[in-house]
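Tertiary structure, described
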Amino acid sequence: MIRTTVGGRAMKVIESKGVPYRELNREIRRLVAAGEDRLLLRGVNGQRYIGAGLKGMARLEIEGTAGNNLGAMMNGLSIYVHGNVQDGAGNTMSGGEIVVRGSAGDITGYAMRGGKILIQGNAGWRVGIHMKSREDQPAVLVIGGKAGDFLGEYMAGGTIVVLGLDTPLHQERESANPLIGNYLASGMHGGTIYIRGRIPAWQIRGQVQTGLTTPEESPPLWNWIEQFAAGLHLDCSGLFREIFTCLMPQGARPYAHLYDHSA
Amino acid sequence: MPRSLVPPEFLVHRDEGRCTKCKACIRQCGFGVHAEGPDDRISANDQRCVNCQRCVVMCPTGALKITANKEIGRENAYWSAERLREIWRQAESGGAILTSMGCDRNYPVYFDHLLLNASQVTNPSIDPLREPMEIRTFLGRKPEKLSIAGPPGEERLAGPLPPEVRLEMPVMFAAMSFGSISKNTVLALAKAAKRMGIMFNTGEGGMNPALGPFRDHMIVQVASGRFGVDSAYLEAGRIIEIKIGQGAKPGIGGHLPGEKVNAEIARTRGIPTGADAISPAPHHDIYSIEDLRQLIYTLKEATDYQKPVAVKIAAVHNVAAIASGIVRAGADIVVLDGLRGGTGAAPKMIRDHIGLPVELAIAVVDRRLREEGLREQVSLVAGGGIRSSADLLKVICLGADAAYLGTAALLALGCHLCQRCYTGKCSWGIATQDPSLTKRVDPEAGADRLVNLLTAWQHELKEFMGAMGINALESMRGNRLQLRGVGLPQNELDQLGVKQAGEAM
Ligand code: SF4
Ligand code: SF4
């Protein structure tokens, strides 16, 4: 165990390369329980479940690629990844934040109900499915690049924002919005999704109401973009006048009409 | 609005000679059947009656009777009244018919074709009133081998054992969420579980803070909607159960109708008040056994390997292979929920036409796990339609370690099986959130009834075992020699792994 100093503050360093996940995570749990508040994991190469279920205010910096279910079910913790993350980052998390300088895999933010996930690059499929929101700490997921199919499926609360930072939009009528895949927002019954650009109806699966807005017109959107820019040290001011499509559910009971409730 | 063709399912008969117009029925019916007419007589709207028997039981003069309305047309052996009614209803609503509780159709009940053994002369029976009978059981993963360390005379187990949970008798209360049932009902189950030294299950609705004192007897469930799942919830449970499926609705999601989602439930689940609480059909982070393994290990990591992780599936045709995969994925307990398993709400066609009776499911899974050398590593829990201590013992003989009780527990609390839990109007105060109804279940008195039921079953269990000359539940598990089939064809006997009645040991 060594200590290093980053930004003037002492950090414990865990050399993680080749360490089996069970050992690595046991060590992290031990250090966090002992009150260590800043950890640097060097050479992470796909270890799963880092930070899973942890509580508290510790900050975890990760160099390398974090494996599946990073920060799953956690409540607290601030995780910063200098690299990519595999599937399931922030799965069912209920508080804290995960900031990723690279891209994220499938099911990022599945069923999360509180805290922040900021992804600088792209995110995979099935992202933000069944997101919810706590009253005291709303759930938000901001994707700097693009997202795949089934984004925001069954969404019940919280906010998803897709910025498409490096993607110029030259949209013709009815042409696909390149920042998202198919089946956007199917079964959505709560929360809000903002996607940069316009979205043709055929790309949306859910019974949602859509509207056009800009960050300048929409203070919550502005706020999430600012937090994203601050968290990742980026300049996003060029986005403030861009058109975004805002999606909200039409009703809180998307499937009620499928059932016969009589008798 | 055009006239409805759907005739009432039940008819309310009031004996005017006995009726004192006390209006108890008006207050008691959750479905708004009884009303005071202009002529100060009490009338009934048959169309709304679900035959829950609340008014009949509560009427102080016994003036009420409910009968099934059979005379609805030329029903015959093929086109039953129920089929006619379904078609008329759907022709009017265009919707899938909802129902509640377990499959009620006339499929073979294997429990009723199995007979237990007893000792006579050559191996004496045991008197349970005189001899201790061991009906405790432990759930959780069993180590393949034990390593012993330490100097001679002071040998100890080297390394920790996997976490296990002790049950004072081989039953637990099945997952029923706060939301599908009332808080008072959940509390009655929790109190009874604590008093009996067994477990209850939060279901998928999260944990109400009132359950704090019962956490040592609590199984917390993680379902596809992940309602209320956070680190505190996982920490609170003694066992964590991943719900993949439910016997009453295999392969489809859960669906708590918005009518039942009041402010307290919405808060526990993290969704808007009045919104449907939707659990998607699959967990969208589990599309394979390998994915399941990741959720199992996420939960183990999140709780520092301190709790057994159970995986509950609906019994379906390929159940043996699936269960084998689940054990290999790292589950410590496998729960099989059979065709007769209850539910707060399910589409009727799904409930009645998908699945496998739990007797067969347990038998084939137990056999498969034995063949593969995996059976000793995990615990097997049976759910879905256990009606008596005899069913309980039979399912243990077929290979289960313990069984879940859902419907039987609600019946003990007063449920009359009207199958309308999904409406949220339960006159018995169980499957409802209406405060004027929920107060009908008193948690303490309810717990007493549950404790009585289980105490009676405990006694019966010991008598059964004593009769067989077996004094430990351990020796009953998977002990098919204690069973014989009556009236079953050979291939069914083979699937169950039992011999024909009349065949000797
Ligand atoms: S209390 Fe039950 S049985 Fe009596 S009228 Fe109402 S629904 Fe029918
Ligand atoms: S719990 Fe209530 S609504 Fe459900 S079947 Fe029993 S009596 Fe009917």
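Nothing here was measured: the structure is a model prediction, and the numbers come from that model.

Scanning chain B for helices and strands turns up 15 helices and 23 strands. For 505 residues, the compact-globule estimate of 2.2 N^0.38 gives 23 Å, and chain B sits close to it at 24 Å. Dimensions along the principal axes, computed over C-alpha positions, put chain B at roughly 90 × 55 × 45 Å. The buried share among the 505 residues of chain B stands at 56%.

Let us look at the overall build of chain A. Check the secondary structure of chain A and you find two helices and 13 strands. Against the compact-globule benchmark of 18 Å for 263 residues, chain A has a radius of gyration of 19 Å, which places it among compact chains. Projecting the C-alpha coordinates of chain A onto the three principal axes gives extents of approximately 60 × 55 × 30 Å. The 263 residues of chain A split such that 57% are buried. Partitioning the contacts of chain A with sequence separation of at least 6, the portion at a separation of at least 24 is 45%. When the accessible surface of chain A is summed, it comes to about 10200 Å², and 49% of that surface belongs to carbon and sulfur atoms.

Turning our eyes to something else, we now look at helix α7 (residues 289-302) of chain B. End to end, α7(B) covers 20 Å across 14 residues, agreeing with the expected 20 Å (1.5 Å per residue, within 8%). In terms of residue burial, α7(B) counts as a mostly covered element, since eleven of its 14 residues are buried. The inward-facing, buried residues of α7(B) contact α1 (21-33) of chain A together with β13 (218-222), α5 (231-236), β14 (239-243), β17 (309-314) and α8 (319-328) of chain B. Of the residues flanking the end of α7(B), it is B:D304, one or two places downstream, whose phi is positive at about 55°.

It is worth spelling out the domain arrangement of chain B at this point. All names here are of chain B. Annotation of chain B at the domain level lists domain 1 (10-95) and domain 2 (169-472). Centre-to-centre, using C-alpha coordinates, domain 1 lies 32 Å away from domain 2. Facing 15 residues of domain 1, the contacting portion of domain 2 comprises 13 residues. On the domain 1 side of the interface with domain 2, the three residues burying the most area are F31, C52 and R54, jointly 43% of the side's total. On inspection of domain 1 and its partner domain 2, the count reaches two salt bridges. Salt-bridge contacts for E82 lead to K348; the nearest nitrogen and oxygen are separated by 2.6 Å. Run the count over domain 1 and domain 2 and you get six residue pairs in polar contact (both at pLDDT 80 or more). If you list the elements that add at least two residues to the side of domain 1 that touches domain 2, you get α1 (24-28), α2 (54-58) and α3 (81-93).

Our focus in this paragraph is the pattern of salt bridges. Residues and elements named next belong to chain B. Under the criterion given, the structure shown has 47 salt bridges over all chains. For R368, the salt bridge goes to E372, with nearest N and O atoms at 2.6 Å. On the basis of relative accessibility, which here comes to 29%, the residue R368 falls in the partly exposed class. Each of D366, R370, R375, D401, E474, R477 and R480 takes part in a single network of salt bridges with overlapping partners.

Every residue near ligand 2 is listed here: B:M101, B:C415, B:H416, B:L417, B:C418, B:Q419, B:R420, B:C421, B:C426, B:W428, B:I430 and B:A431. In terms of residue class, the shell around ligand 2 is built from nine nonpolar, two polar and one charged.

Next up on the list: the state of the cysteines. Enumeration according to the criterion identifies zero disulfides over all chains in this entry. Not part of a disulfide, B:C22 finds its nearest cysteine sulfur in B:C59, a span of 6.0 Å.

The next point concerns the interface of chain B and chain A. Opposite the 50 residues of chain B that make contact, chain A presents 42 residues. Here chain B and chain A share an interface that buries about 3900 Å² over both sides, 52% of which is from carbon and sulfur atoms. Counting the surface chain B buries against chain A, the share from its top three residues, B:I278, B:H284 and B:E301, is 16%. The tally of links from chain B across to chain A stands at five salt bridges. Elements that contribute at least two residues to the side of chain B that touches chain A include exactly α3, β5 (96-99), α5, α6 (263-269) and α7 of chain B. Of the residues forming the side of chain B that touches chain A, the biggest block, nine residues, is contributed by α7(B). Looking at the side of chain B that touches chain A residue by residue, the class counts come to 21 nonpolar, 15 polar and 14 charged. Pairing between strand β13 (residues 259-260) of chain A and β5(B): two bridges, direction parallel. Each residue of the ladder has a partner; that of A:D260, found in β5(B), is B:I97.

Looking now at the site of ligand 1. For ligand 1, the full set of nearby residues is B:C29, B:F31, B:V33, B:H34, B:C49, B:V50, B:N51, B:C52, B:Q53, B:R54, B:C55 and B:I66. Partitioned by chemical class, the residues of the shell around ligand 1 number eight nonpolar, three polar and one charged.

Here we come to the confidence of the model for chain B. Per-residue confidence for chain B averages 94 on the pLDDT scale, and 100% of its residues sit at or above 70. Overall fold confidence for the complex sits at a pTM of 0.94, while the interface term, ipTM, reaches 0.91.

In this section: helix α10 (residues 358-371) of chain B. All names here are of chain B. Across its 14 residues, α10 extends 20 Å between first and last C-alpha, which sits within 8% of the 20 Å expected from 1.5 Å per residue. When we look at burial in α10, the residues that qualify are V358, E359, L360, A361, I362, A363, V364, V365, D366 and L369. Buried residues along α10 sit against α8, β18 (333-337), β20 (379-383), α11 (389-397) and α15 (490-496). Downstream of α10 by one or two residues, G373 has phi in the positive range, about 70°.

Note that β5(B) and strand β19 (residues 346-347) of chain B share two bridges and pair antiparallel. Within β19(B), the residue paired with B:L98 across the bridge is B:P347.

Here the focus is the sheet that holds strand β6 (residues 114-116) of chain B. Residue and element names in this part refer to chain B. One open sheet accounts for three strands, arranged β6-β22-β23; its pairing is mixed. If you trace the sheet from one side to the other, it starts and ends with β6 and β23 (499-500), each paired once. In this structure, β6 lies alongside strand β22 (residues 483-485), joined through three bridges in antiparallel fashion. What sits directly across from L115, in β22, is R484. Here α11 sits on the sheet in contact with β6 and β22, set at roughly 95° to β6.

Before going further, it helps to spend a moment on the sheet that holds β14(B). Ordered in space as β11-β21-β20-β18-β17-β14-β13-β12 (chain B), the eight strands form an open sheet in which the pairing is parallel. Looking along the sheet, the strands with just one partner apiece sit at the ends: β11 (171-173) and β12 (200-201) of chain B.

Before going further, it helps to examine the environment of A:G88. All names here are of chain A. Along the chain, G88 turns up in the loop between β5 (75-82) and β6 (95-100). For G88, a relative accessible area of 0% translates into the label buried. Put simply, G88 and L39 are 49 residues apart on the chain and 22 Å apart in space, counted from C-alpha to C-alpha. Beyond its immediate stretch of four places on either side in the chain, G88 contacts N69, L70, D106, I107 and T108.

Calculation criteria
- Residues numbered from 1 in each chain as written.
- Chains lettered and ligands numbered in written order.
- Predicted model: local features only at pLDDT ≥ 70, side-chain atom pairs only at ≥ 80, totals over all residues.
- Heavy atoms only, no water.
- Helix = DSSP H or I, 4+ residues; strand = E, 2+ residues; numbered from the N terminus.
- Rg over C-alpha atoms; globule rule 2.2 N^0.38 Å.
- Buried < 20%, exposed > 50% of the residue type's maximum accessible area, 1.4 Å probe, protein only.
- Contact = heavy atoms within 4.5 Å.
- Areas by Shrake-Rupley, 256 points an atom, 1.4 Å probe, with all protein chains shown as cover.
- Expected span 1.5 Å × (residues − 1).
- Domains from an automatic or database assignment.
- Buried area = accessible area lost by both parts, 1.4 Å probe.
- Salt bridge = Lys/Arg side-chain N within 4 Å of Asp/Glu carboxyl O.
- Polar contact = N/O pair within 3.5 Å; in protein donor to acceptor, adjacent residues only side chain to side chain.
- Near = heavy atom within 4 Å.
- Nonpolar A, V, L, I, M, F, W, Y, C, P; charged D, E, K, R; others polar.
- Disulfide = S-S within 2.5 Å.
- Pairing = 2+ DSSP bridges.
- pLDDT = per-residue confidence, 0-100.
- Axes fitted to C-alpha atoms, helices over the stretch in contact; angles between N-to-C directions.

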